[in-house]
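# Reading the structure
The lines below spell out each chain.
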Amino acid sequence: MPAHPLTDADPLPSTLPALLEHWAAATPARRAFTFVDHPTYDSRGVHRTLTWRRLDLRTRAVAARIARSTAPGDRVALLCPQGPDFVIGFLAALAAGRVAVPMFTPDLPGHGDRLAAVLGDARPSAVLTTRDSLDTVRTFLDDQQILTTLLATDLVPDSEAEGWQPPEVAERSTAYLQYTSGSTRVPAGVEISHANVVANARQALTAYGADEHPVTTVGWLPLYHDMGLVLSVAAPVVRGLLSVLMDPADFLQRPARWLRLLADHPGAISAAPNFAYDYCASAIGEEEKAGLRLDRVTALINGSEPVRPATAERFHAAFAAQGLPAGAHCPSYGLAEATVFVCAARPGDPVRSFALDREALAAGKALPVPPGNPGAVHLAGCGAPAGQRVRIADPATRTALGEGEVGEIWVQGPNIGRGYWNRDPQTRRVFHAALHGASGNWLRTGDLGMTLDGQLLVTGRLKDLVIVDGRNHYPQDLEATAQAAHPAIRRDRLAAFAVLLADGTEGAVVVAEHGRAVAAPDRDPAEVSRAVRAALSARHGLRLADLALVPPGTIPRTSSGKVSRSLTRTRYLDGEYAAPEPGEAGTVTRTPGPSGEQALSRSSRHTVTAPGPHASAGATPGAPTITRPMSGAVPGGIAAWPASDAPEDRGPGGAPGAPHRSVPAAGGGAP
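Please read all numbers here as calculations on a predicted model, not as lab measurements. (Residues numbered from 1 in each chain as written. Predicted model: local features only at pLDDT ≥ 70, side-chain atom pairs only at ≥ 80, totals over all residues. Heavy atoms only, no water.)

## Considerations on the overall build of the protein chain
Where we set the bar: Note on conventions: DSSP H or I runs of at least 4 residues are helices, E runs of at least 2 residues are strands, and numbering of each starts at the N terminus. Summary of the burial criterion: residues with accessible area below 20% of their type's maximum are buried, those above 50% are exposed, and those between are partly exposed, where the area comes from a 1.4 Å probe applied to protein chains only. When checking whether two residues touch, look at their non-hydrogen atoms; a contact exists if any pair is within 4.5 Å. Here the open area of atoms and residues is found with the Shrake-Rupley method and a 1.4 Å probe, where only the protein chains shown may cover a residue.
Secondary structure summary: the protein chain contains 18 helices and 31 strands in total. Counting all 671 residues of the protein chain, 61% fall into the buried class. Partitioning the intrachain contacts of the protein chain with sequence separation of at least 6 by distance along the chain shows that 74% fall at a separation of at least 24. Carbon and sulfur atoms provide 52% of the accessible area of the protein chain, an area that totals close to 24500 Å².

What follows is the structure in structure tokens.
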């Protein structure tokens, strides 16, 4: 796939610490980072700004303290809230020649186990936090019996920087571990080198128009996530740009705050997932739109899995009167293994929407159909790569496929990470793939896609394919149909996946949350089930094995806010979802046994027969008994491709959803 050319080689330094030192000397009084807090619901925002000189001083002071407490190459975990100390701590770890591990504070609800697993895997010699989070972090480390040095960055005095000389940092050495937002029991840390992150930041800046005119990055994405870290920290340091940040919870509480920051900063570049654009379009009323001017927004990045063209259309329709440029929406694709950014539509170009035949797409071919065709799947083009190469490959034969053929997305470029931390066999499989007729190592993304008219189209995730009666179904396609079938289903809070039935065939299951404000009479499980079954049958020719309607907040999400299909599936099979109320028909038998990736990695396929009760919403009498699959492979077509070599479970897309946090909802909250 042809790449968008980069500009001439940048004469600036090639590591983030050296670039920070450069901007502190060249533009010491210029604003570097502005953090906007919203202490009350009606607050217009309290701004705290670091100049390049001040950021450099604070970074050197914290780096000196880190250097005194650790050895070169040690891991330093960041358990800081969103704010200036996260940025300072991250840059300080790199400046000290240590390996940063960006994470979150232990009070992020529902993710304590994941945080413990990451710390257990990374084994940090030091943990950075803030004075306000010190007690919470100390208690968590004590509870987990993690012995490490604990430092509060905002308690380190400026005087620590006096006389300290930073070590030479090798470009190819590991700068940080980016832990994937997947759902496996043991998270995988991608080793990102100093050269990787600088290269990827430059690629992204070129793609999103920063070479043509001045820009400001505006963000609320979590800084521990790959897109938040690169767009809001690395890219500004690479180019000497202003970065404006707010907390994800502040966005969820009142999304108009994000748009106000976009309006206040000319040339704004920002990123968000599908749900955020839909949320803004539905939750921001005319009163909050008054006075908003969005005509100077440069790029709004959307890297969801996959990007929905209708989302861009709704968002633009909602804010066209505020001057939002038609070409501001930039569907994108990326993943942590490539630092984050791979492909993007260019600012100023309208979103390319492709209507493709659903049956042909499931068979691995692109067959254009009229947009109004009832069998059409609508996909957004994610543009072309910048400074890297992308190929669509048949993962079984490891040969490149032609335009319009669905295969696995493979990537090559200076932004590709070094591999997985302490996982050499998996690193060789994923990062060192050989493509016939092409030189060098290629990254296997595990994502399915195709090229069409010079655009990358992402169709789904290889491991997530739902195969029933020998036909392939993309789970996000089934989920879109299911959530549109009945108003009780909470938007973007459902998971579709395959299970093995007692007769040895595959069946499809949907687990869906009902809306928070939906009264019990309006969410009768049998009625919802009938509506969903009818819609899936009519639109996909699919007979649903089971639908489980569960309370809000039940479906697990990753630390970046995405629904975890694999963990939802594991919990479903383990019988963790509530049984229906008395009088609801039908039961589904589940079988205990090995769970998650262990069960899916077995070499043979069989069922375990020790049943346990699991009732399903609206199941019909005589519904198939569901048993545990012991292998995820199904012969034939795309399903026969070896998914086990792909990266850890991870949604395809650079931009995550917001973390699952409890926030005050005065005046409304996230749907």
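That shown, we press on.
## Some thoughts on the pattern of salt bridges
Defined as follows: Salt bridge, as applied in this entry: a Lys or Arg side-chain nitrogen positioned within 4 Å of an Asp or Glu carboxyl oxygen.
Per the stated rule, a full pass over the model turns up 28 salt bridges. Close ionic contact of E160 with R65 constitutes a salt bridge, the shortest N to O distance being 2.6 Å. Placement of the pair is E160 in the loop between strand 6 (149-152) and strand 7 (174-179) and R65 in helix 2 (residues 52-69), with a sequence separation of 95 residues. For the pair E160 and R65, a shared accessibility class is recorded, and that class is buried. Put simply, R239 and D211 hold a salt bridge, and the shortest N to O gap is 3.2 Å. Of the two residues, R239 is situated in helix 7 (residues 226-239) and D211 in the loop between helix 6 (194-207) and strand 9 (216-219); the sequence distance between them amounts to 28 residues. Through salt bridges with shared partners, one network takes in D278, R308, R314, R491 and D492.

## Let's talk about the sheet that holds strand 20 (residues 407-412)
Within a beta sheet, neighbouring strands are joined by backbone hydrogen bonds and run either parallel or antiparallel to one another. Note the following rule: Each pair of strands is called paired provided DSSP finds at least two bridges between the two strands.
The five strands are arranged 19-18-20-22-23 in an open sheet whose pairing can be described as antiparallel. Strand pairing shows two members of the sheet lacking a second neighbour, strand 19 (399-400) and strand 23 (455-461), which therefore form its edges. Two elements, strand 20 and strand 22 (residues 443-452), share four bridges in a ladder whose sense is antiparallel. Bridging from a neighbouring strand, E408 pairs with L448 of strand 22.

## What about helix 1 (residues 16-26)?
Heads up, the condition is: Working definition: the arc comes from the directions between the helix axis and the C-beta atoms, pointing outward to the latter.
Those residues of helix 1 that sit buried are L16, P17, L19, L20, W23 and A24. Looking down the long axis of helix 1, one finds its buried residues gathered within 160° of arc, a one-sided arrangement. For helix 1, the elements touching its buried residues are helix 2, helix 3 (84-95), helix 6 and helix 7.

## Some details on the packing of aromatic side chains
How we decide: Pairing of aromatic rings covers Phe, Tyr and Trp, the last through its six-membered ring, and needs centres within 6.5 Å; plane angles under 30 degrees mean stacked, over 60 mean edge-to-face, and all others mean tilted. Only Lys NZ and Arg CZ are tested; either one counts as a charge over a ring when it is within 6 Å of the ring centre and within 35 degrees of the ring normal.
Summed over all chains, the structure comprises 15 aromatic pairs. With 6.3 Å between their ring centres and 65° between their planes, F33 and W52 make a pair best called edge-to-face. Separated by 19 residues along the polypeptide, F33 in strand 1 (residues 31-37) and W52 in helix 2 bring together distant segments of the chain. With a relative accessible area of 0%, W52 lands in the buried category. Joined through ring pairs, the aromatic side chains of W220, F251, W258, Y277, Y279, F315 and F319 make up one cluster. The lysine or arginine in question, K289, covers the ring of F319, its NZ or CZ lying 5.0 Å from the ring centre.

## Let's talk about the sheet that holds strand 17 (residues 384-385)
For clarity, the threshold we go by: All axes are obtained by fitting lines to C-alpha atoms, using only the stretch in contact for helices, and the reported angles, taken between N-to-C directions, cover 0 to 180 degrees.
Pairing is mixed across the open sheet formed by nine strands, whose spatial order is 2-1-10-9-11-12-13-14-17. At either end of the open sheet lies a strand with only one pairing partner, and these are strand 2 (46-51) and strand 17. Two strands pair when backbone bridges link them, and strand 11 (residues 268-271) and strand 12 (residues 297-302) are joined in this way by four bridges, in the parallel orientation. When the bridges of strand 12 are listed, S270 appears paired with L300. Relative to the sheet, helix 2 contacts strand 1 and strand 2, its axis offset from that of strand 2 by approximately 75°. Across the sheet, helix 10 (residues 274-283) touches strand 11, strand 12 and strand 13 (329-334), and the angle it forms with strand 12 is around 120°.

## Considering unusual backbone geometry
Backbone geometry follows two general trends: most residues other than glycine have a negative phi, and most peptide bonds adopt the trans configuration. The backbone of Q145 sits at a positive phi, close to 55°, despite the residue not being glycine. Within the element layout of this structure, Q145 appears in the loop between helix 5 (134-143) and strand 6. Judged by relative accessible area, Q145 falls into the exposed class, the value being 71%. Phi angles above zero are rare outside glycine, and D492 is one such case at about 60°. With respect to the helices and strands, D492 occurs in strand 26 (residues 489-501).

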